[in-house]
Amino acid sequence: QVQLVESGGGWVQAGGSLRLSCAASGSVFRVNSMGWYRQAPGKQRELVAVSFSSGTTDYADSVKGRFTISRDNAKNTVYLQMNSLKPEDTAVYYCNADLFRIGGVRRDYWGQGTQVTVSS
């Protein structure tokens, strides 16, 4: 059993900051990547940022220079520091992990989502 638990969402005024956290727990053997997606009302889910175990990171163009993804490998936890937030960032943010379970196969796991609301 593997679970992804997200925290850190909430309400913030435009220009403010939030930090999201996501911890993978359970029978985790090896993590290949962890990242964040978001989905706004009426829109498709989109990649925000991803961190690969190699150390490589990638960001959506819309958040480059404002968001920073980081990981604590010992805790299987990924963070998303969000600065200079804009109303356009309002969405439900989902944590994603590409990993191997102990004694299992490689697959994607998803968190339940955490709401981020940015007001003008």
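What counts, and at which threshold
- Residues numbered from 1 in each chain as written.
- Predicted model: local features only at pLDDT ≥ 70, side-chain atom pairs only at ≥ 80, totals over all residues.
- Heavy atoms only, no water.
- Buried < 20%, exposed > 50% of the residue type's maximum accessible area, 1.4 Å probe, protein only.
- Helix = DSSP H or I, 4+ residues; strand = E, 2+ residues; numbered from the N terminus.
- Pairing = 2+ DSSP bridges.
- Disulfide = S-S within 2.5 Å.
- Salt bridge = Lys/Arg side-chain N within 4 Å of Asp/Glu carboxyl O.
- Phe/Tyr/Trp six-rings, centres within 6.5 Å; stacked < 30°, edge-to-face > 60°.
- Lys NZ or Arg CZ within 6 Å of the ring centre and 35° of its normal.
- Polar contact = N/O pair within 3.5 Å; in protein donor to acceptor, adjacent residues only side chain to side chain.
- Contact = heavy atoms within 4.5 Å.

**Regarding the pairing of strand β9 (residues 91–101)**
Working note: regular strand, side chains alternate between the two faces of the sheet.
Next, step 1: Burial of β9 is extensive: eight of the eleven residues sit out of reach of the surface.
Next, step 2: Relative to β9, strand β4 (residues 28–39) is paired through ten bridges, and the arrangement is antiparallel. The residue bridging Tyr 37 from the neighbouring strand is Tyr 94, located in β9.
Next, step 3: Note: β9 against strand β11 (residues 114–119), three bridges, orientation antiparallel. Looking across to β11, one finds that Ala 91 is bridged to Val 116.

**Thoughts on the state of the cysteines**
Next, step 1: According to the stated counting rule, one finds one disulfide in the structure shown.
Next, step 2: Cys 22 shares a disulfide with Cys 95; S-S distance 2.0 Å. Across the S-S bond of Cys 22 and Cys 95 the torsion is about -85°, and the bridge reads as left-handed. Pair noted here: Cys 22 is in strand β3 (residues 18–26) and Cys 95 is in strand β9, with a separation of 73 residues, a long-range link. Judged on exposure class, the residue Cys 22 and its partner Cys 95 are both buried.

**Brief notes about the pairing of β11**
Next, step 1: Burial of the side chains of β11 is restricted to one face: Thr 114, Val 116 and Val 118 are buried, whereas none of Gln 115, Thr 117 and Ser 119 on the reverse face is.
Next, step 2: The sheet contact formed by strand β2 (residues 10–13) and β11 spans four bridges and is parallel. Looking across to β11, one finds that Gly 10 is bridged to Val 116.

**Concerning the pattern of salt bridges**
Two side chains with opposite charge may pair up if their charged atoms get near one another.
Next, step 1: With the rule as written, the count across this model stands at five salt bridges.
Next, step 2: Between Asp 89 and Arg 38 there is a salt bridge whose closest N-O contact spans 3.0 Å. One end of the pair, Asp 89, is in the loop between β8 (77–82) and β9; the other, Arg 38, is in strand β4, and 51 residues separate them in sequence. Both residues of the pair, Asp 89 and Arg 38, count as buried.

**A word on the packing of aromatic side chains**
Next, step 1: Under the defined criterion, the tally for this structure stands at one aromatic pair.
Next, step 2: Here the basic side chain of Arg 45 rests over the ring of Trp 110, its NZ or CZ set 4.9 Å away from the ring centre.
Next, step 3: For the cation-ring pair, Arg 107 lies above Tyr 109, with the distance from its terminal atom to the ring centre recorded as 4.1 Å.

**Quick word on the side chain of Thr 77**
Next, step 1: Along the chain, Thr 77 falls in strand β8.
Next, step 2: Its relative accessible area of 7% is what places Thr 77 among the buried residues.
Next, step 3: At 3.0 Å, the side chain of Thr 77 and the backbone oxygen of Lys 75 are in polar contact.
Next, step 4: In this view, Thr 77 contacts Cys 22, Ala 23, Met 34, Ser 70, Arg 71 and Asp 72; residues no more than four positions away in its chain are not counted.

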